[in-house]
Amino acid sequence: MYYMNKFRILGPKKLKGKIKISGSKNSALAIIFISLLTEKPITLKNVPYIQDIDIAIKILTKLGVKIDRREFMKIDSSKICNKFFSCSLIKYIRASIWLLPAIIIRWGSGELLLPGGCSIGNRPVDLHIWGLKELGVKIKFNRNYLKIDSINKLIGKTICFNKISVGATITVMSVATLAYGITIIKNAARDPEIIDIANFLNKLGAKIINAGESKIIIVGVKYLKGCIYSIMSDRIETGTFLTAAAVSGGDVLCYNTCVSNLKIVLKKLQFTGAKITYGQDWVRLNMIDKCLRSVNINTAPYPSFPTDMQSQFTLLNSVSNGSSIITENIFENRFMHVAEFIKMGARLKIKNNKIICHGVKKLIGNKVNATDLRSSISLVLAGCIADGITVVKNIHHIYRGYESIKNKLNSLGAVIECI
Ligand code: EPZ
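Procedures and definitions
- Residues numbered from 1 in each chain as written.
- Predicted model: local features only at pLDDT ≥ 70, side-chain atom pairs only at ≥ 80, totals over all residues.
- Heavy atoms only, no water.
- UniProt positions renumbered as here; feature names shortened; annotations may be inferred.
- Helix = DSSP H or I, 4+ residues; strand = E, 2+ residues; numbered from the N terminus.
- Buried < 20%, exposed > 50% of the residue type's maximum accessible area, 1.4 Å probe, protein only.
- Contact = heavy atoms within 4.5 Å.
- Near = heavy atom within 4 Å.
- Polar contact = N/O pair within 3.5 Å; in protein donor to acceptor, adjacent residues only side chain to side chain.
- Areas by Shrake-Rupley, 256 points an atom, 1.4 Å probe, with all protein chains shown as cover.
- Nonpolar A, V, L, I, M, F, W, Y, C, P; charged D, E, K, R; others polar.
- Phe/Tyr/Trp six-rings, centres within 6.5 Å; stacked < 30°, edge-to-face > 60°.
- Lys NZ or Arg CZ within 6 Å of the ring centre and 35° of its normal.
- Core = buried A, V, L, I, M, F, W, Y, C linked by side-chain atoms within 4.5 Å.
- Pairing = 2+ DSSP bridges.
- Axes fitted to C-alpha atoms, helices over the stretch in contact; angles between N-to-C directions.
- Parallel < 35°, antiparallel > 145°, perpendicular 65-115°, else oblique.
- Left-handed = near helix turned anticlockwise from the far one by under 90°.

> An account of the UniProt feature "active site" (unreviewed entry) in the protein is needed here, citing residue identities and associated values.
Under the local residue numbering, the UniProt record ascribes the feature "active site" (unreviewed entry) to Cys-118. If you trace the backbone, Cys-118 turns up in the loop between strand 7 (110-113) and helix 4 (126-134). Classification of Cys-118 as buried rests on a relative accessible area of 15%. With residues up to four places along the chain from it excluded, the contact list for Cys-118 reads Arg-123, Asp-372, Leu-373 and Arg-400.

> Mind laying out the site of the ligand, listing which residues take part and the relevant values?
Surrounding the ligand, one finds 23 residues, the nearest of these being Arg-94, Asp-126, Ser-165, Asp-308 and Ile-330. Between an oxygen atom of the ligand and a side-chain N or O atom of Asn-26, the distance comes to 3.2 Å. At 2.8 Å from an oxygen atom of the ligand is found a side-chain nitrogen or oxygen belonging to Arg-374. Surface burial for the ligand is 92%, taken as the share of its 820 Å² of free accessible area covered by protein chains. Of all the elements in the fold, those that place two or more residues in the shell around the ligand are helix 1 (25-34), helix 4, helix 5 (166-176) and helix 11 (373-385). Counting residues per element, the shell around the ligand draws most heavily on helix 4, at 3 residues. Of the residues assigned to the shell around the ligand, the class counts are 10 nonpolar, 5 polar and 8 charged.

> Could you give an account of the packing of aromatic side chains, with specific residues and numbers?
Scanning the entire structure with this criterion turns up 4 aromatic pairs. Relative to Tyr-399, the ring of Phe-7 has its centre 6.2 Å away and its plane inclined at 80 degrees; by these criteria the two rings are edge-to-face. In this pair, Phe-7 is assigned in strand 1 (residues 6-11) and Tyr-399 in the loop between strand 23 (388-393) and helix 12 (405-411), connecting sequence segments 392 residues apart. When its relative accessible area of 0% is taken as the criterion, Phe-7 is described as buried. Note that Lys-45 overlies the ring of Phe-72, its terminal NZ or CZ placed 4.9 Å from the centroid. When the ring centre of Tyr-49 is taken as origin, the NZ or CZ atom of Arg-69, which lies over that ring, is 3.7 Å away.

> Can you tell me about the side chain of Thr-327, naming the residues and giving the values?
Considering the arrangement of structural elements, one finds Thr-327 in strand 19 (residues 323-327). On the accessibility criterion, Thr-327 (5% relative accessible area) is buried. A distance of 3.1 Å separates a polar atom in the side chain of Thr-327 from a polar atom in the side chain of Lys-354. Those residues in contact with Thr-327, other than ones at most four positions away along the chain, are Ile-297, Asn-298, Thr-299, Asn-353 and Lys-354.

> If you had to explain the nonpolar core to someone new, which residues and values would you point to?
Ranked by internal contacts, the top residues of the largest apolar core, which has 78 residues, are Leu-44, Leu-99, Met-173, Phe-200 and Leu-201. The residues touching Leu-99, leaving out its near neighbours within four places in the chain, are Phe-33, Leu-36, Ile-59, Leu-60, Leu-63, Phe-85, Ile-90 and Leu-112. Ala-244, Ala-245, Leu-269 and Met-344 belong to the second-largest nonpolar core, a separate cluster that totals 66 residues.

> Please set out the sheet that holds strand 5 (residues 73-76) residue by residue, giving values where relevant.
Sheet architecture is open: 4 strands sit in the order 4-5-3-14, paired in mixed fashion. Looking along the sheet, the strands with just one partner apiece sit at the ends: strand 4 (66-68) and strand 14 (227-230). In this sheet, adjacent strand axes meet at a mean angle of 15 degrees when their direction is disregarded.

> So what's going on with the sheet that holds strand 24 (residues 415-418)? Which residues, and what values?
Strands sit in the order 22-23-1-24 across an open sheet of 4 strands; the sheet is mixed. In the strand order of this sheet, the two ends are held by strand 22 (367-369) and strand 24, each with one partner. Taken pair by pair, the neighbouring strands of this sheet meet at an average axis angle of 25 degrees, ignoring direction. Note that strand 1 and strand 24 share 4 bridges and pair antiparallel. Considered in strand 24, the bridge of Arg-8 is made with Glu-417.

> Any details on the environment of Ile-97? Residues and values, ideally.
With respect to the helices and strands, the residue Ile-97 is situated in the loop between strand 6 (84-85) and helix 3 (100-107). In this structure Ile-97 touches Leu-112, Pro-115, Val-125, His-128 and Leu-146, once residues within four positions along its chain are discounted.

> Which residues make up helix 4, and what are the values?
Looking only at helix 4, the buried set comprises Leu-127, His-128, Ile-129, Gly-131 and Leu-132. Those residues of helix 4 that are buried lie in contact with helix 3, strand 8 (139-142), strand 9 (145-148), strand 10 (158-160) and helix 5. Note on helix 4: the residue one or two positions beyond its end, Gly-136, has a positive phi of about 100 degrees.

> Provide a residue-level description of the side chain of Thr-38, including the pertinent values.
Position of Thr-38 relative to the elements: it lies in the loop between helix 1 and strand 3 (42-45). Not counting chain neighbours up to four residues away, the residues in contact with Thr-38 comprise Ser-77, Arg-106, Leu-204, Leu-224, Lys-225 and Gly-226.

> Please provide a residue-by-residue account of the packing of helix 3 against helix 5, values included.
Remark: helix 3 packs on helix 5, axes separated minimally by 9 Å, with the N-to-C direction vectors making an angle of 20 degrees. Taken together, the axis directions place helix 3 and helix 5 in an arrangement best described as roughly parallel. The way helix 3 lies across helix 5 gives a crossing that is right-handed. Counting all contacts with helix 3, which are made through Pro-101, Ile-104 and Ile-105, the residues of helix 5 involved are Thr-171, Ser-174 and Val-175.

> Can you break down the pairing of strand 11 (residues 182-186) residue by residue, with the values?
Taken residue by residue, a regular strand's side chains alternate between the two faces of the sheet. In this sheet, strand 11 lies alongside strand 10 in parallel orientation, the contact comprising 3 bridges. If you follow Thr-158 over to strand 11, its bridge partner there is Ile-184.

As structure tokens, this is what we get:
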């Protein structure tokens, strides 16, 4: 069991102030693993201090990679010693699937324990496997391992995914950088993190064109060099803190962030009645003395509404005026926060992949359970705005993806303590 695995939160509090946004969890995780595609030294800036990154560092260190985090993150994978990727930590994070490119490119063969991740669905990897087979990789399931056998020469080709997958797009795009000839990925994920990862690979000497579009072109190169790269800011952390301002009737400015990849979230927040202003690398949401309106949400692949903001908007609709519907189209088990909000007085009803929300004036503090990363932050925000004391159990999930979250929220006026 985790020590001090609960947050005790006193509400209601209006959250006001400035927050420095950390580097993107999902971009940093992918970049750290695919950096093994080159033996040359890599320096990464703006890598967030979160648990998933710590686990990634532990996995790579077990493989013989030298990682120094004193100032920036310096990665030296010139002396990797192992190719049986079986350390149990691999099961803890979804991102460990991005060891596949290194196994394929550096060794040509190996076995990778199947990755884990938040329990928001069964998280298959069939699209990763299908895409790699299209490039000529011999890969198959072997119980709970992926077995990569001797590799023929990787030949680029046109690969059209039948379903949009962020992870599989990253896996195929990375391996294709060192395949022979041209690879075209159709129906690719268009997320800003894909652009960030392509920019990183291009700095290593790859030739990736149109990342961020649904058709990505990769011209294979012979080798990749080292580089210094700064990770993009975390758009979901930004959206989370703006939602915190909206639900608490507060006023929060997020800086060291990027507004252009949050368009749909900002549009939805404006619809709730919030006043939003922004500049080059900052965005502010003011909800003081405003009435929060409910808003319908349909999660879908980028640039549509992000599934990683769904639980935050479930909270918003729980305490806003009016009724609304939230439809989750990406993951099959991403409603675990609903029962917990109901314990706090929310009027929510699940119908298939929809949450029917009827806003209530206020939530009441209670004992609730965190079950995954995004539901845990939403329960903490619920505690910040509820009347009385809320205790969130199993809070360890939150440390996976939110850097210094207790201190950041307390700096805005929240009253949170670990117990
Ligand atoms: C990435 O997960 C993110 N994780 C998720 O963020 C994010 O919610 C998700 O993309 C969608 O945007 C990381 O980047 C580490 P997918 P990923 O492949 O790559 C199905 C967070 O909270 N699918 O885009 O696993 C899958 O089941 C996390 O930060 C297959 O069927 O997501 C889902 O229904 C949660 N076969 C859909 O596709 C596959 O081989 C989209 O998944 C792969 C995915």
